[in-house]
Amino acid sequence: EPEVTQTPSHQVTQMGQEVILRCVPISNHLYFYWYRQILGQKVEFLVSFYNNEISEKSEIFDDQFSVERPDGSNFTLKIRSTKLEDSAMYFCATTRTGPNTEAFFGQGTRLTVV
Amino acid sequence: GESVGLHLPTLSVQEGDNSIINCAYSNSASDYFIWYKQESGKGPQFIIDIRSNMDKRQGQRVTVLLNKTVKHLSLQIAATQPGDSAVYFCADLGGNEKLTFGTGTRLTIIP
């Protein structure tokens, strides 16, 4: 079964440092998303990405966040200057034809900001 | 604002019994609903979806019911197994591109 792959599985970083979380989407999927889940809380939408540009973002996704697909395969989420409250599980998800179809989620990256 | 929520945070069911997990939504524009299963340390796993033009959809051992009148969604799992123990989230898509997740129900299957 095709799957979304995320690396690293766990990232520990100091407050103020930049982090890049990586995702390899399913090969024929066209829509990409980042979600986050703070420990014990619900999954929250961050951003959607289609045709090499952001199509929608939430209020969480401020200027400290950015996404790109630099080489046509990896889909990355960058946090420029991490804060303690950025500690969470970050999930990449992809859909083949649009948001109203089955979204496949990766296993997540656990980001710990110390 | 709009939200998707769940009635119960935890549910324990005897192995072999059926379970029902409920969800309420408030966005009347929601037209696509999904149930996800999340096991500890893993990402959400798609279980079943339903569109607003349907009332019921069945999968393997799972059934989703949608009542648009009262904005209620439920997930029925038949003949529960130990592997069904997980947190279950409902999510909806309401005219935009983001899935809005509920807070989740932790289902525990008692052997």
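Every chain is numbered on its own, with residues counted from 1 as its sequence reads. Chain letters and ligand numbers both follow the written order, the letters beginning at A and the numbers at 1. At least 70 in pLDDT is required for a residue's local features to be given in this predicted model, at least 80 for side-chain atom pairs to be given and counted, and no such filter applies to totals for whole chains, interfaces and linings, which use all residues. Side-chain calculation: all heavy atoms of the structure are included, whereas hydrogens and water are not.

> What should I look at first to understand the overall build of chain B in this one?
Helix numbers and strand numbers start at the N terminus; a helix is a DSSP run of H or I with at least 4 residues, a strand a run of E with at least 2. If you tally the helices and strands in chain B, you get 0 helices and 11 strands. The C-alpha radius of gyration computed for chain B amounts to 13 Å, which stays within 12% of the reference 13 Å derived for 111 residues, consistent with globular compactness. Its C-alpha atoms give chain B principal-axis dimensions of roughly 40 × 30 × 20 Å. Counted over contacts in chain B with a minimum sequence separation of 6, partners at least 24 positions apart contribute 52%. The Shrake-Rupley method, run with a 1.4 Å probe sphere, supplies the accessible areas, and residue values consider only the shown protein chains as cover. About 5,300 Å² of surface is accessible on chain B, with carbon and sulfur atoms providing 46% of the total. Atoms counted for the radius of gyration: C-alpha only. Globule rule: 2.2 Å times the number of residues to the power 0.38. Note on contacts: a residue pair qualifies if any of its non-hydrogen atoms lie within 4.5 Å across the two residues.

> Just to check I follow, could you spell out the side chain of Thr 95 of chain A for this structure?
Residues and elements named next belong to chain A. One can find Thr 95 in strand β9 (residues 88-95). Engagement of the side chain of Thr 95 in a polar contact is seen with the backbone oxygen of Gly 98, the distance being 2.9 Å. Residues within four places of Thr 95 in sequence aside, it is in contact with His 29, Leu 30, Tyr 31, Tyr 33, Thr 101, Glu 102 and Ala 103. Under this definition, polar contacts are N or O atom pairs within 3.5 Å; protein pairs additionally need one hydrogen-donor-capable and one acceptor-capable atom, and for neighbouring residues in sequence, both atoms have to be side-chain atoms.

> Would you mind showing me how to read the pattern of salt bridges here?
Think of it this way: side chains of opposite charge can pair up when their charged atoms draw near. We define a salt bridge as a side-chain nitrogen of Lys or Arg found within 4 Å of a carboxyl oxygen belonging to Asp or Glu. For the structure shown, the criterion picks out 5 salt bridges over all chains. Of the charged contacts, one joins Glu 44 of chain A and Arg 36 of chain A as a salt bridge, the two residues approaching to 3.2 Å between their closest N and O atoms. A simple rule labels every residue: compare its accessible area, found with a 1.4 Å probe on the protein chains alone, to the largest value its type can have, and call it buried under 20%, exposed over 50%, or partly exposed in between. Given a relative accessible area of 10%, Arg 36 of chain A falls into the buried group. Measuring nitrogen to oxygen at the nearest pair gives 3.9 Å for the salt bridge that ties Glu 39 of chain B to Lys 42 of chain B.

> Just to check I follow, could you spell out the state of the cysteines for this structure?
When the sulfur atoms of two cysteines share a covalent bond, that bond is a disulfide. For this text, the term disulfide refers to a pair of cysteine sulfurs within 2.5 Å. Tallied over the entire structure, the rule returns 2 disulfides over all chains. Across the disulfide, Cys 23 of chain A is cross-linked to Cys 92 of chain A (sulfur-sulfur distance 2.0 Å). Where Cys 23 of chain A bonds to Cys 92 of chain A through sulfur, the torsion about that S-S bond is close to -60°, and the disulfide is left-handed. You can see Cys 23 of chain A sitting in strand β3 (residues 19-24) and its partner Cys 92 of chain A sitting in strand β9, a full 69 residues away along the chain. The pair formed by Cys 23 of chain A and Cys 92 of chain A is uniform in burial state, with each residue classed as buried. Two residues, Cys 23 of chain B and Cys 90 of chain B, share a disulfide whose sulfurs are 1.8 Å apart. Disulfide Cys 23 of chain B to Cys 90 of chain B: torsion about the S-S bond roughly 50°, handedness right-handed. Separated by 67 residues along the polypeptide, Cys 23 of chain B in strand β3 (residues 19-25) and Cys 90 of chain B in strand β9 (residues 86-93) bring together distant segments of the chain. Residues Cys 23 of chain B and Cys 90 of chain B agree in their burial class; the two are buried.

> Explain the interface of chain B and chain A to me, please; I cannot follow it from the model alone.
Many analyses report the size of an interface as the accessible area lost when the parts associate. Between chain B and chain A, the contact holds 18 residues from the first and 18 residues from the second. Note: buried area is the sum, over both parts, of the accessible area (probe 1.4 Å) each one loses when the two are combined. Taking both sides of the interface into account, the surface hidden between chain B and chain A amounts to around 1,700 Å²; carbon and sulfur atoms contribute 56%. Our enumeration of links across chain B and chain A arrives at 0 salt bridges. Linking chain B with chain A are 4 residue pairs in polar contact (both at pLDDT 80 or more), by the criterion used here. When contributions to the side of chain B that touches chain A are tallied by element, the ones reaching two or more residues are β4 (32-38), β5 (45-51), β9 and β10 (99-101) of chain B. Ranked by residues supplied to the side of chain B that touches chain A, first place goes to β4 of chain B with 3 residues. Note on residue classes: Ala, Val, Leu, Ile, Met, Phe, Trp, Tyr, Cys and Pro are nonpolar, Asp, Glu, Lys and Arg are charged, and everything else, Gly too, is polar. Among the residues making up the side of chain B that touches chain A, the classes are represented as 8 nonpolar, 6 polar and 4 charged.

> What exactly am I supposed to notice about the pairing of β3 of chain A here?
Sheet faces and side chains relate simply in a regular strand, where the side chains alternate between the two faces. Residues and elements named next belong to chain A. Side-chain alternation along β3 places Val 19, Leu 21 and Cys 23 on a buried face and Ile 20, Arg 22 and Val 24 on a face that remains uncovered. Bridge analysis of strand β1 (residues 5-7) against β3 gives 3 bridges, and the strand direction is antiparallel. The residue bridging Thr 5 from the neighbouring strand is Val 24, located in β3. At least two bridges found by DSSP between two strands are what make those strands a pair. Pairing of β3 with strand β8 (residues 75-79), which is carried by 5 bridges, proceeds in the antiparallel orientation. When the sheet's bridge partners are listed, Ile 20 is paired in β8 with Lys 78.

> What exactly am I supposed to notice about the sheet that holds β1 of chain A here?
The pairing of strands in a sheet comes from backbone hydrogen bonds and takes either a parallel or an antiparallel form. All names here are of chain A. Spatial strand order, β1-β3-β8-β7: 4 strands in an open sheet with antiparallel pairing. The sheet is open, and its two edges are formed by β1 and β7 (65-68), each paired on a single side. Here the average twist between neighbouring strands, direction ignored, is 20°. Axes here refer to lines fitted to C-alpha atoms; in helices the fit is confined to the stretch in contact. Angles between the N-to-C directions go from 0 to 180 degrees.

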